[in-house]
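Residue-level listing of the chains:
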Amino acid sequence: MKELFALLCLAATAPICAQTPIVSSLHTVSVHIDSPETYNALYRLFEKDLQWPVIYGKPWPPDRQGRRSYAGIWAGNVVLEICGPYAGETFSDGVRARLHGLTFRPHQTTDQSTADLDRAGISHKPPFGNLEGGARFVVLDDPALTSPTLAVSIMQGGDRNREKTEHDAARAALAANRGGPLGLKSVKETQVAYPNAPSLAKWRQFLAPSQPDTGPSPRLRFVEGPQGALAALVLQVESAPRATSFFRQIGSDKILTPGVTLHFTE
């Protein structure tokens, strides 16, 4: 993501690059699901089949009714969060899950980032949550950046030492099993679809200027496409042919496609 910041800053105007940074690195990529059954299917896929470490969450129990569930899966350098179902959220025919959300760490604090969003002219909802309760968030609602199929937020965790310990343990577990059957190393790239030049310009405002990252983080690649959508995740693996073969073998496409597109690269 450091490379992305630098690229966007060079392309942006001088006043934009003079702004205080709004975010530092990508923390979470969310996958929204249509039902408890899909939640459990994805949980089994990531934890059992792919053997990626679970940071938080558990399978959906039969007696849990009318509420959302969350599970954070470690994908090497970012949390992949299964979440939902959300009331009123719709899915296209044949789609059971989709890449849906990007949650960034603030450059300093969520409240400082909120003030910087105001200065940059990026609309958002009021910040909520508190650090004592776990985290403080601000959710963007700028139509140039977000849509019913793309959420963007900023999250400041309350206990950074605990989070670091959890992520270090997950990183060690993934290294110990050599990335599971896919040989996963990290999420190399998150592809974000943008519909027009004004949308891309607003992303430049949100991500500029270039700043040192807090750690290895997926790059964001912008591709022309539908308004507000995550087009794909690019996973860095030991062997792309082996990873593709394994996915076909376990029939993961029945759960993931067409709402969650994964590409493999070495």
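Residues numbered from 1 in each chain as written. Predicted model: local features only at pLDDT ≥ 70, side-chain atom pairs only at ≥ 80, totals over all residues. Heavy atoms only, no water.

A. Main features of the packing of aromatic side chains. Tallied over the full model, the rule gives 8 aromatic pairs. Here phenylalanine 104 and phenylalanine 206 contribute two aromatic rings whose centre-to-centre distance is 5.4 Å and whose plane-to-plane angle is 80°, an arrangement assigned as edge-to-face. Here phenylalanine 206 lies in helix H6 (residues 197-207) and phenylalanine 104 lies in strand S5 (residues 97-106), a separation of 102 residues in the sequence. Arranged with centres 6.0 Å apart and planes meeting at 70°, the rings of tryptophan 203 and phenylalanine 206 form a pair that is edge-to-face. Of this pair, tryptophan 203 and phenylalanine 206 both sit in helix H6, separated by 3 residues, roughly a single helical turn. An aromatic cluster of at least three residues, connected via ring pairs, comprises Phe104, Trp203, Phe206 and Phe222. (Phe/Tyr/Trp six-rings, centres within 6.5 Å; stacked < 30°, edge-to-face > 60°. Helix = DSSP H or I, 4+ residues; strand = E, 2+ residues; numbered from the N terminus.)

B. Expanded view of the confidence of the model for the protein chain. Counting all residues, the mean pLDDT for the protein chain is 87, and 88% of those residues have values of 70 or more. Ignoring residues within four places in sequence, the model shows residues 1-18, a span with pLDDT below 50, making 38 contacts including any to other chains. Across residues 210-214, confidence stays below pLDDT 50; counting only partners more than four residues off in sequence or on other chains, it has 15 contacts. (pLDDT = per-residue confidence, 0-100. Contact = heavy atoms within 4.5 Å.)

C. Structural context of the sheet that holds strand S1 (residues 23-33). A sheet is described by the order of its strands in space; here 8 strands give the open sequence S2-S3-S4-S1-S5-S8-S7-S6, paired in mixed fashion. Of all strands in the sheet, those bounded by a partner on one side alone are strand S2 (54-56) and strand S6 (128-130). Put simply, the sheet's adjacent strands are angled 30° from each other on average, direction ignored. Bridge count for S1 against S5 is 8 bridges, and the pairing is antiparallel. Pairing of valine 31 across the sheet is with leucine 99, part of S5. Set on the sheet, helix H4 (residues 110-120) makes contact with S5, strand S7 (135-139) and strand S8 (151-157); between it and S7 the angle comes to about 15°. (Pairing = 2+ DSSP bridges. Axes fitted to C-alpha atoms, helices over the stretch in contact; angles between N-to-C directions.)

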